[in-house]
Amino acid sequence: MSITAYKRTITQTENPRQIERRVFSNVTAEMEVRSQEFDVAEKASDKLKILSEGLRDSLSYNQRIWQTIRSDLVSPGNALAPDLRAGLISLSLWVENHTNEVLKGQKKVKPLLDINRSIIRGLEGNPMHVME
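Parameters and conventions
- Residues numbered from 1 in each chain as written.
- Predicted model: local features only at pLDDT ≥ 70, side-chain atom pairs only at ≥ 80, totals over all residues.
- Heavy atoms only, no water.
- Helix = DSSP H or I, 4+ residues; strand = E, 2+ residues; numbered from the N terminus.
- Buried < 20%, exposed > 50% of the residue type's maximum accessible area, 1.4 Å probe, protein only.
- Contact = heavy atoms within 4.5 Å.
- Areas by Shrake-Rupley, 256 points an atom, 1.4 Å probe, with all protein chains shown as cover.
- Expected span 1.5 Å × (residues − 1).
- Core = buried A, V, L, I, M, F, W, Y, C linked by side-chain atoms within 4.5 Å.
- Axes fitted to C-alpha atoms, helices over the stretch in contact; angles between N-to-C directions.
- Parallel < 35°, antiparallel > 145°, perpendicular 65-115°, else oblique.
- Left-handed = near helix turned anticlockwise from the far one by under 90°.
- Nonpolar A, V, L, I, M, F, W, Y, C, P; charged D, E, K, R; others polar.
- Phe/Tyr/Trp six-rings, centres within 6.5 Å; stacked < 30°, edge-to-face > 60°.
- Lys NZ or Arg CZ within 6 Å of the ring centre and 35° of its normal.

A. The overall build of the chain, seen in detail. The helix and strand inventory of the chain stands at five helices and zero strands. For the chain, the succession of helices and strands along the chain, N to C, is α-α-α-α-α. Going through the 132 residues of the chain one by one, you find that 32% of them count as buried. Here the analysis covers contacts within the chain between residues at least 6 apart in sequence; of these, 59% occur between residues at least 24 apart. Entry remark: accessible area of the chain is about 8,300 Å², with carbon and sulfur atoms responsible for 54%.

Structure (structure tokens):
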């Protein structure tokens, strides 16, 4: 199946909220693979090794997702309520800064996973559990 046909099939079978949930679920699962090992590693060399074994790519992908969301949120056609947009923009900036600190070995991955899981729950329609 061509990429164009695949994209068309997805948009015909999933609404944007479902697509966003799937994207967040996939990147969160990718980050989880090595996050616990990274978060408990004490030596910089161990953290660098874990990052080079795929965690860096997953973190960068997550960062790009949040940058894309931020770009959409600041566009004039975005229909979300201004308060929600502002909160999500602030959150996307936090994700970017925190990710940069993780990549330097100075922060843990877990808070990024927690944020993504909260977003996933919200996209599933469980707003009471968002940002616990």
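B. Representation of helix α5 (residues 110-123) within the structure. For α5, with 14 residues, the first-to-last C-alpha span of 20 Å sits near the 20 Å given by 1.5 Å per residue. Summarising the contacts, the buried residues of α5 are in contact with α2 (16-40), α3 (44-73) and α4 (82-103). Positioned one or two residues after α5, G125 has a phi angle of 95°, which is positive.

C. Representation of the environment of P16 within the structure. Relative to the helices and strands, P16 is located in helix α2. Judged by relative accessible area, P16 falls into the exposed class, the value being 59%. Residues P16 and L123, spaced 107 residues apart in sequence, show a C-alpha to C-alpha distance of 9.8 Å.

D. Seen up close, the nonpolar core. If you look at the biggest cluster of nonpolar residues, it comprises 23 residues, and the most contacted ones within it are F24, F38, L55, L59, W66, V109 and I119. Looking at which element gives the most residues to this core, the answer is α3, with seven residues.

E. View of the packing of α2 against α5. Viewed as axis vectors pointing N to C, α2 and α5 meet at an angle of 155°, and their least axial separation amounts to 9 Å. As far as their axial angle goes, α5 and α2 are roughly antiparallel. Of the two possible hands of crossing, α2 and α5 adopt the one that is left-handed. Residues R17, E20, R21, F24, S25, V27, T28, M31, E32, S35 and D39 of α2 lie in contact with α5, whose contacting residues are K110, L112, L113, N116, R117, I119, I120, G122 and L123. Among the residues making up the contact of α2 with α5, the classes are represented as eight nonpolar, five polar and seven charged.

F. Local environment of the packing of aromatic side chains. Tallied over the entire structure, the rule returns one aromatic pair. Aromatic side chains F24 and W66 sit 5.4 Å apart centroid to centroid with 65° between the ring planes, which places their arrangement in the edge-to-face category. Placement of F24 in helix α2 and of W66 in helix α3 is noted, with a sequence separation of 42 residues between them. Given a relative accessible area of 3%, F24 falls into the buried group. By relative accessible area, which is 1% here, W66 ends up buried. Sitting over the ring of F38, K47 keeps its end group 5.3 Å from the ring centre.

G. Layout of the environment of M31. Relative to the elements of secondary structure, M31 occurs in helix α2. It is 6.2 Å that separates the C-alpha atoms of M31 and L55, two residues lying 24 residues apart in sequence. Once residues within four sequence positions are removed from consideration, M31 is found in contact with L55, S58, L59, N62, L112, L113 and N116.

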